[in-house]
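Descriptive analysis of the structure
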Amino acid sequence: MASLTPISQSHALLKKPNLTLTPPPPNFSSSFIAKDYPYFKTQSFKLPPRMATRNGVVSATTAEKRRKRYPGEAKGFVEEMRFVAMKLHTREQAKEGEKEVKEPEERPVVKWEPSVDGYLKFLVDSKLVYDTLEGIIEKAAFPFYAEFRNTGLERSEKLSKDLQWFKEQGYAIPEPSSPGVTYAEYLKELSEKDPQAFICHFYNIYFAHSAGGRMIGKKVAEKILDNKELEFYKWDGDLSQLLQNVRDKLNKVAESWTRDEKNHCLEETEKSFKHSGKILRLILS
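What counts and how
- The residue numbering used here restarts from 1 in each chain and proceeds along that chain's sequence as written.
- Side-chain atom pairs in this predicted model are given and counted only at pLDDT of 80 or more, local residue features only at pLDDT of at least 70, and totals for whole chains, interfaces and linings cover all residues.
- Hydrogen atoms and water are omitted, and side-chain values are computed over all heavy atoms in the structure.
- UniProt positions are given in the numbering used here, feature names are shortened, and annotations may be inferred rather than shown by experiment.
- Numbered from the N terminus, helices here are DSSP runs of H or I no shorter than four residues, and strands are runs of E no shorter than two.
- Given a helix with a known number of residues, its expected span is that number minus one, times 1.5 Å.
- Only protein chains enter the accessibility calculation, which uses a 1.4 Å probe. A residue is then buried if its area is under 20% of the maximum for its type, exposed if over 50%, and partly exposed in between.
- For this quantity, the arc is that covered by the directions from the helix axis to the C-beta atoms.
- By definition, residues are in contact when any of their heavy atoms lie within 4.5 Å.
- Salt bridges are defined as contacts in which a side-chain nitrogen from Lys or Arg sits within 4 Å of a carboxyl oxygen from Asp or Glu.
- The angle between two axes is taken between their N-to-C directions and runs from 0 to 180 degrees, where each axis is a line fitted to C-alpha atoms and a helix contributes only its stretch in contact.
- Reported orientations rely on four angle classes, namely roughly parallel under 35 degrees, roughly antiparallel over 145, roughly perpendicular from 65 to 115, and oblique for the rest.
- We call a crossing left-handed when the near helix sits turned anticlockwise from the far one by less than a right angle, and right-handed when that turn is clockwise.
- Under the scheme applied, nonpolar residues are Ala, Val, Leu, Ile, Met, Phe, Trp, Tyr, Cys and Pro; charged residues are Asp, Glu, Lys and Arg; polar residues are all the others, including Gly.
- Each Phe, Tyr or Trp ring (for Trp, its six-membered ring) is paired with any other whose centre lies within 6.5 Å, and the angle between the two planes then decides the class: stacked below 30 degrees, edge-to-face above 60, tilted in between.
- Ring-over charges, as used throughout, are those where CZ of Arg or NZ of Lys falls within 6 Å of the ring centre and within 35 degrees of the ring normal.

- Within an unreviewed UniProt entry, the label attached to the chain reads heme oxygenase (biliverdin-producing), and the organism entered is Theobroma cacao.
- According to the UniProt record, the Catalytic activity (unreviewed entry) comment for the chain reads "heme b + 3 reduced [NADPH--hemoprotein reductase] + 3 O2 = biliverdin IXalpha + CO + Fe(2+) + 3 oxidized [NADPH--hemoprotein reductase] + 3 H2O + H(+)".

Here it is in structure tokens:
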């Protein structure tokens, strides 16, 4: 099996010369991040060593203690998540990328040859993950999860239709495999005790599929499905508006989080890439 790098993220499964999607070669990374997004630069300033006031003297350390701004923070927390995900790209994938390729599986795929059996494994494991996500949101162990019900981004029902279509073509539908089962269990665990970390996965899974995931689907269709577009890659309504609605909800929810809670969410990004990448690599199995 060809070796690949995880993504949240889907687009990198494809070779640069054949695609213009936001990741070039087949490293898995999150494609919903615009490549031209600039690094956020903080503004620095100095106060005189001591400033006289009506009540006495204020030390310049007052200004020094002002909290630093995080990259993307001025535009809302979703922009912070987007920025962190961008850093997990390689420089080959995006100019802001900082990830260094160290392991063989992180290298681009020289020859990309998906198989129907491998693709079915990917779809089955993906459905388990989306079933889990949507069940968690419906149950709402934390009240704010309910904000993300019926967003229009849900994929479970669409995947059911696709798997039924494959069954009607005579293909045997496999049981979920280790990557999907492991990720689903991890999401359940996080959702019950670590809501900030869970939201990181929620964001990366849905937003990555809406961008790079669609490009992967198109290439698979060209290779092995006679260009058939699966329901997995269709949305009811305007996708850009659906995504914006969820961005707004995510930003609103995060307003009540402490800085430490936000940072904890951001720190979970790499794990979301790794879990999603293992599922994506099933396509080439």
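So that's the structure; there's more coming.
**A word on helix α4 (residues 156-168)**
- Look at α4: 19 Å from first C-alpha to last across 13 residues, which is about the 18 Å you get at 1.5 Å a residue.
- If you check which residues of α4 are buried, you get Ser156, Lys158, Leu159, Asp162, Leu163 and Phe166. With its buried residues spanning 155° around the axis, α4 presents them on a single face. In this structure, α4 carries Glu157, Lys167 and Glu168 as exposed residues pointing more than 90 degrees from its buried face.
- Those residues of α4 that are buried lie in contact with α3 (116-139).
- Immediately beyond the C-terminal end of α4, within one or two residues, lies Gly170, with a positive phi of roughly 100°.

**Section: the environment of Ser177**
- Along the chain, the position of Ser177 falls in the loop between α4 and α5 (178-193).
- Residue Ser177 is classed as partly exposed on the basis of its relative accessible area of 21%.
- Separated by 49 residues in sequence, Ser177 and Leu128 place their C-alpha atoms 9.7 Å apart.
- Setting aside chain neighbours within four positions, we find Ser177 in contact with Asp125 and Leu282.

**Some words on the pattern of salt bridges**
- Scanning all chains against the criterion turns up 14 salt bridges.
- The residue Glu80 makes a salt bridge to Arg259 at a minimum N-O spacing of 2.6 Å. Of this pair, Glu80 sits in helix α2 (residues 77-87) while Arg259 sits in helix α8 (residues 259-267), and the two are 179 residues apart along the sequence.
- For Asp131, the salt bridge goes to Lys127, with nearest N and O atoms at 2.9 Å. Separated by four residues within a single helix, Asp131 and Lys127 lie in helix α3, roughly one turn from each other.
- One network of salt bridges, with partners in common, ties together Lys158, Glu231, Lys234 and Asp236.

**Re the packing of α3 against α5**
- Packing of α3 against α5 brings their axes to within 8 Å, and their N-to-C directions diverge by 15°. When the axis of α3 is compared with that of α5, the two are roughly parallel. The chirality of how α3 crosses α5 is right-handed. Taking contact as the criterion, the partners of Asp125, Leu128, Val129, Thr132, Leu133, Ile136 and Lys139 in α3 are, on α5, Pro179, Gly180, Val181, Tyr183, Ala184, Leu187, Lys188, Ser191 and Glu192.
- Here the residues of the contact of α3 with α5 are counted per class, giving nine nonpolar, three polar and four charged.

**Some thoughts on the packing of aromatic side chains**
- Under the criterion given, the structure shown has 15 aromatic pairs.
- Between Tyr119 and Phe122 the ring centres are 5.8 Å apart and the planes differ by 20°, which places this aromatic pair in the stacked class. Residue Tyr119 and its partner Phe122 are both found in helix α3; the two are separated by three residues, about one turn of the helix.
- Ring pairing ties together the aromatic residues Tyr119, Phe122, Tyr130, Phe148, Phe202, Tyr206, Phe232 and Tyr233, which thus form one cluster.
- Positioned above the aromatic ring of Trp165 is the side chain of Lys228, whose terminal nitrogen or guanidinium carbon lies 4.6 Å from the ring centre.
- Note that Arg259 overlies the ring of Tyr70, its terminal NZ or CZ placed 3.8 Å from the centroid.

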